[in-house]
Amino acid sequence: MNKMKHILVCEDNEELIRKFSFEAIVVKTKNPEHVGHIGRVVEETNKVHCIELTIEDNLSGLNPLDDWKEVPLHIKAPRMGHFLDFVRVRHLLAPLSVRVFLNSGYEETYTDLQLMSSLGINCGLYFDENPINWKECTDLMDFVVYPKVPRATVEPFHYIITEYQPKETINFSGVYFNNPEKYLHIDKNENVALTAENLTAGKYLFNGVEQIQNIAENKAYKAYFQTWKKKFHKISACSACPAWRICGGFFENRLESNPGCREAFSELIDAADLHYNNKEKENEKQPQLCQL
Amino acid sequence: MANLLITQTCVRSCPYCFAKKHMDDNDREGMMNWKDFIYLVDFLEASGDRHVSLLGGEPTLHPEFPDYIVYLLERGFSVNTFTSGIMNEKRLRRLERVLAGANPDKISFVVNINDPLKSNYSETERVKCFLESFGHVSSPGYNMYRPKFEMGFLFDYINTYGMRKHLRLGLTHPIAGKKNAYIRLPEINQMIETLLSYEEYFIRFRVKAGLDCGFPLCVYTDEQLGKMYKISGGRLTFGCGPAVDIGPDMMVWCCFPLSDYHKKSIYDFNNMQELLEFYREKQMNIRTEVQGIFEECDTCHWREENMCDGGCLAHQLNNFVNEAPVRMPEVYQV
Ligand code: SF4
Ligand code: SF4
Ligand code: SF4
């Protein structure tokens, strides 16, 4: 048993999945037809935390299937596609437990997420090697942070705003099932890694799913939690960044090629702070009644 | 209900055009983008308003016009579009396809129709094509800009295309600082006579007249008022805005004739109530300087009793455009 209660992230591989007995697992698939089936396979011995479906086409071309209703779902699509086609998909997605992520590298993504959120679809940005448009990103943050009417969530900003604590750090990689405090990644050969990137790069913690129960004693695992402290040993853009607490250097590797994260996330941390203080004030105002 | 101007260009150049000054003074290519549109829809919804009017220029020229309508419907809004009905075949067919399944109780068009005998042939034919497709969700609009005019064609259109039996009648007003055709004050009586010469048509075809803003009460005789009462279905008002127009640049103004007075950014307001309050106050201030279009307005008991607002302010403000600023600042363009 995994005492640390990690959630295991694996590929769409039935043989592998049948080997575990976890309280929660995330399965990544690229096959829309497989979503419902893989959900049922997981439930035989595990519990589904989420199925992550990556599609190559635009969201508006997707044909959600009936059996998707049974599973919590993340859909990663490059773009939303044409609005009128999206409206058709929207009606099919509405009854599902789904969050849709669009690629941050496309100019229109930032507006499309506003559209989707305003029409009740929980959604978010995902980041890959494509450059981020920080100006558009800041507009999207404003949209999320200062809503005029209730809307669906937009990640990772919604997560940051709601989880923010003035004296704590946040790791929003969890939105992408990539926070080692909560998720571990495993391949078909049972190699276990801290992150999806480490798994791809062959940087494994160990081999064998049964070892996960002793992960707290694993040296590489323990070392990971010290690494962020090392970032402050020398002056760097991230160590001097006011937004560090909510970002944790997520965009560190694109600081030179695609600068702008500091300004955008500094605005976001200010907004998160304001949001937190407002919430605190609201709580203060509530009169304490006796228990009935 | 706010008017969202999604374009600033038009396919016609009507002699009375109330949007002309605004279009001339602004970038004709300017169009409302999605982000601003979403902001405005949120703004209206937050104000408890689920009705919106789309205007231009010609709003159907916006490449996303059908998408905007669908978006509004998806958000639970009802949408009214002020259009000339002139669009090319491709656009018309696309609009038809997109709105095929839309709830007819949630969409409407006010088609501003000019006298076909005074319009060019191809324009008139395009309007007819539009009405063939959308007549059942359209009502005609007609702007009276001459004291004598022909209106029979409007009833023909209503009957031929199964249009809604409501005729929106606009009294044309001057645009301060611009030359446009409009009904001069001494011409109003003649205009009313012309209008009421169609009383029988209204009654026979059961069409109701909806009077736009700026009609003065005292220009009617009691007999005319009685007729107006009947053809308007008992809905007679003699008010003056604010109408509230919001442009593609997110600037707001009270109404087109006053588009250069007290222009503000939409971001200066938290909701429609604040915005309306602002323009009501401005109008009240202006009315302390000019009570109405006639000298009699100063002491008029109909005005005191809020039965008439004193006609369209644009008539009086137009007189102040070129004078030295000796009056209260509210009456001058800024
Ligand atoms: S916002 Fe940029 S500079 Fe600041 S911590 Fe994150 S990656 Fe580093
Ligand atoms: S000034 Fe009053 S009557 Fe004239 S157009 Fe504006 S709102 Fe209508
Ligand atoms: S307020 Fe002026 S326009 Fe209105 S009824 Fe009185 S005199 Fe006539």
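Computed from a predicted model, the values in this text were never measured in an experiment. (Residues numbered from 1 in each chain as written. Chains lettered and ligands numbered in written order. Predicted model: local features only at pLDDT ≥ 70, side-chain atom pairs only at ≥ 80, totals over all residues. Heavy atoms only, no water.)

## Description of the overall build of chain B
The helix and strand tally for chain B stands at 12 helices and 10 strands. In terms of overall dimensions, chain B has a C-alpha envelope of 55 × 50 × 35 Å along the principal axes. Relative to its 334 residues, chain B shows a buried fraction of 56%. Expressed as a percentage of contacts within chain B between residues at least 6 apart in sequence, the contacts between residues at least 24 apart total 76%. In the structure as shown, chain B presents an accessible area of about 14600 Å², 50% of it carried by carbon and sulfur atoms. Positive and negative charge centroids in chain B, built from 37 and 44 side chains respectively, lie 5 Å apart. (Helix = DSSP H or I, 4+ residues; strand = E, 2+ residues; numbered from the N terminus. Buried < 20%, exposed > 50% of the residue type's maximum accessible area, 1.4 Å probe, protein only. Contact = heavy atoms within 4.5 Å. Areas by Shrake-Rupley, 256 points an atom, 1.4 Å probe, with all protein chains shown as cover. Lys, Arg positive; Asp, Glu negative; His and termini not counted. Charge placed at Lys NZ, Arg CZ, Asp CG, Glu CD.)

## Overview of the sheet that holds strand E6 (residues 166-171) of chain B
Residue and element names in this part refer to chain B. Ordered in space as E7-E6-E5-E4-E3-E2-E1-E8-E9-E10, the 10 strands form an open sheet in which the pairing is mixed. The open sheet is flanked by strand E7 (208-211) and strand E10 (264-265), the only strands paired with a single partner. Note: strand E8 (residues 245-246) against strand E9 (residues 251-253), 2 bridges, orientation antiparallel. Directly across from Ile246, in E9, lies its bridge partner Val252. Docked against the sheet, helix H10 (residues 272-289) engages strand E1 (2-5), E9 and E10, running at close to 50 degrees with respect to E9. (Pairing = 2+ DSSP bridges. Axes fitted to C-alpha atoms, helices over the stretch in contact; angles between N-to-C directions.)

## Some words on unusual backbone geometry
In this model, Glu155(A) is joined to Pro156(A) through a cis peptide bond whose omega is 5 degrees. As for its position among the elements, Pro156(A) is in the loop between strand E7 (154-155) and helix H6 (157-163). Note the cis peptide between Gly241(B) and Pro242(B), where omega equals 0 degrees. Following the sequence through the fold, Pro242(B) ends up in the loop between helix H9 (222-231) and E8. In this structure, Phe177(A) takes a positive phi of about 55 degrees despite not being glycine. Structurally, the position occupied by Phe177(A) is in the loop between H6 and strand E8 (183-186). Take Phe177(A): its relative accessible area is 3%, and that puts it in the buried class.

## Observations regarding empty space enclosed by the protein
Residue and element names in this part refer to chain B. The full count for this structure, using the stated rule, is 2 cavities of 30 Å³ or more. Taken as a whole, the largest cavity spans an internal volume of roughly 70 Å³. In terms of lining residues, the largest cavity is bounded by Arg12, Ile86, Ile113, Asn114, Pro116, Ser119, Glu123, Thr124, Val127 and Tyr157. Considering each element in turn, the lining of the largest cavity owes the most residues, 3 residues, to helix H5 (residues 121-134). (1 Å grid on protein atoms, 1.4 Å probe; cavity = no way out; pocket = protein on both sides within 12 Å on 5 of 7 lines; lining within 4 Å. Points joined across faces, edges and corners; volume = space filled by probe spheres on them.)

## A short note on the pattern of salt bridges
Pairing of side chains with opposite charge becomes possible as their charged atoms draw close. Within the structure shown, the criterion is met by 27 salt bridges over all chains. Close ionic contact of Arg79(A) with Glu108(A) constitutes a salt bridge, the shortest N to O distance being 2.6 Å. Of this pair, Arg79(A) sits in the loop between strand E4 (73-77) and helix H3 (83-93) while Glu108(A) is found in the loop between strand E5 (98-103) and helix H4 (109-118), placing the two residues 29 residues apart along the sequence. Arg79(A) sits in the partly exposed class, given a relative accessible area of 31%. Note that Glu125(B) is salt-bridged to Lys128(B), the shortest N-O span being 3.6 Å. Of this pair, Glu125(B) and Lys128(B) both sit in helix H5, separated by 3 residues, roughly a single helical turn. (Salt bridge = Lys/Arg side-chain N within 4 Å of Asp/Glu carboxyl O.)

## Thoughts on the site of ligand 2
His173(B), Cys213(B), Gly214(B), Cys240(B), Gly241(B), Cys255(B), Pro257(B), Leu258(B), Cys312(B) and Leu313(B) make up every residue found near ligand 2. Here the residues of the shell around ligand 2 are counted per class, giving 7 nonpolar, 3 polar and no charged. (Near = heavy atom within 4 Å. Nonpolar A, V, L, I, M, F, W, Y, C, P; charged D, E, K, R; others polar.)

## Remarks on the nonpolar core
With 179 residues, the main nonpolar core has Ile75(A), Phe83(A), Phe265(A), Phe37(B), Met151(B) and Phe202(B) as its most contacted residues. Tallying contributions element by element places helix H10 (residues 261-285) of chain A first for this core, with 8 residues. If sequence neighbours within four positions are ignored, Phe37(B) has contacts with Leu4(B), Ile6(B), Met32(B), Leu54(B), Tyr68(B), Tyr71(B) and Leu72(B). (Core = buried A, V, L, I, M, F, W, Y, C linked by side-chain atoms within 4.5 Å.)

## Side note on the side chain of Ser84(B)
Relative to the assigned elements, Ser84(B) resides in the loop between strand E3 (78-83) and helix H4 (89-98). Discounting chain neighbours no more than four positions away, the residues touching Ser84(B) are Val11(B), Arg12(B), Glu58(B), Val111(B), Asn112(B) and Val127(B).

## Quick notes on the interface of chain B and chain A
The partner chain A presents 17 residues to the 16 residues of chain B that form the contact. Carbon and sulfur atoms make up 64% of the area that chain B and chain A hide from each other, which totals about 1500 Å². Of all residues in chain B, Lys35(B), Asp42(B) and Glu74(B) bury the most surface against chain A, accounting for 40% of the area lost on that side. Taken together, the links from chain B to chain A amount to 4 salt bridges. In this structure, the salt-bridge partner of Asp42(B) is Arg151(A), at a minimum N-O distance of 2.5 Å. Applying the counting rule to chain B against chain A returns 7 residue pairs in polar contact (both at pLDDT 80 or more). If you list the elements that add at least two residues to the side of chain B that touches chain A, you get helix H2 (34-46), helix H3 (65-74) and H4 of chain B. Here the side of chain B that touches chain A takes 8 residues from H2(B), the largest share from any one element. Taken together, the residues that form the side of chain B that touches chain A break down as 8 nonpolar, 1 polar and 7 charged. (Buried area = accessible area lost by both parts, 1.4 Å probe. Polar contact = N/O pair within 3.5 Å; in protein donor to acceptor, adjacent residues only side chain to side chain.)

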